[in-house]
Amino acid sequence: AKKKPQLDPDDEDSDEDMDFDMDATRSELSSLFHRVSDVCTAEFELIAHVFGQSGGNEEMTLTVARALLQRVISDPKNGLQSRISDLLESIDRRGDFDATRSE
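Re the overall build of the protein chain
Part 1 of the reasoning: A count of helices and strands for the protein chain gives 4 helices and 0 strands.
Part 2 of the reasoning: In sequence order, the protein chain lays out its α and β elements as α-α-α-α.
Part 3 of the reasoning: Evaluated residue by residue, the protein chain yields a buried proportion of 17% over its 103 residues.
Part 4 of the reasoning: The contacts in the protein chain between residues at least 6 apart in sequence include a share of 52% that link residues at least 24 apart.

Right, dumping it as structure tokens:
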């Protein structure tokens, strides 16, 4: 878990930390998607190897692969959807902070 920065309205350095960094956000999302791709590729190969040897049950192989994808996307703590939501919430918090400071 990342430590959230403490906000001090009198600290000029916090202004720089709170500025939205599109490149860093893009990089973070890209890294997340690449990691998901790497994990899925490795796991799909393993699933095909394990279930392909048991008589070539393609339906079971697809069922297990779908279950893996559902978990990767929807897991409430570490799923892709959760990670993207956390990133978007951090952007929203920065926007809310900037809006209250400009009033």
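Moving on, there is more to tell.
What about the pattern of salt bridges?
Part 1 of the reasoning: Overall, the coordinates contain 2 salt bridges when judged by the stated rule.
Part 2 of the reasoning: The partner of Asp23 in a salt bridge is Arg26, and the shortest N-O contact between them spans 2.9 Å. Of the two residues, Asp23 and Arg26 both sit in helix α2 (residues 22-52), 3 residues apart, roughly one turn of that helix.
Part 3 of the reasoning: Asp23 sits in the exposed class, given a relative accessible area of 54%.
Part 4 of the reasoning: The exposure class of Arg26 is partly exposed, given its relative accessible area of 48%.

Some remarks on α2
One full turn of an α-helix is made of 3.6 residues, so residues set three or four places apart face in the same direction.
Part 1 of the reasoning: An ideal rise of 1.5 Å per residue puts 45 Å on 31 residues; α2 measures up with 43 Å between its terminal C-alpha atoms.
Part 2 of the reasoning: Listed as buried for α2 are Thr25, Leu32, Cys40 and Ile47.

Focus on the confidence of the model for the protein chain
Part 1 of the reasoning: When pLDDT is averaged along the protein chain, the result is 76, and 67% of the positions lie at 70 or above.
Part 2 of the reasoning: Confidence, read as mean pLDDT per element, is least for helix α1 (residues 12-18) in the protein chain (49) and greatest for helix α3 (residues 58-74) (90).
Part 3 of the reasoning: Confidence drops under a pLDDT of 50 for residues 1-9, and excluding neighbours within four residues, the segment shows 6 contacts in the predicted structure.
Part 4 of the reasoning: Scored below 50 in pLDDT, residues 12-16 makes 2 contacts in the model with residues more than four places away or belonging to other chains.

Re the packing of α2 against α3
Part 1 of the reasoning: Between α2 and α3, whose axes approach to 9 Å, the crossing angle comes to 155 degrees. Considered as vectors, α2 and α3 are oriented roughly antiparallel to each other. Here the hand of the crossing between α2 and α3 comes out right-handed. Counting all contacts with α2, which are made through Val36, Cys40, Glu43, Phe44, Ile47, Ala48, Phe51 and Gly52, the residues of α3 involved are Met60, Thr61, Val64, Ala65, Leu68, Leu69 and Val72.

What counts as what
Residues numbered from 1 in each chain as written. Predicted model: local features only at pLDDT ≥ 70, side-chain atom pairs only at ≥ 80, totals over all residues. Heavy atoms only, no water. Helix = DSSP H or I, 4+ residues; strand = E, 2+ residues; numbered from the N terminus. Buried < 20%, exposed > 50% of the residue type's maximum accessible area, 1.4 Å probe, protein only. Contact = heavy atoms within 4.5 Å. Salt bridge = Lys/Arg side-chain N within 4 Å of Asp/Glu carboxyl O. Expected span 1.5 Å × (residues − 1). pLDDT = per-residue confidence, 0-100. Axes fitted to C-alpha atoms, helices over the stretch in contact; angles between N-to-C directions. Parallel < 35°, antiparallel > 145°, perpendicular 65-115°, else oblique. Left-handed = near helix turned anticlockwise from the far one by under 90°.

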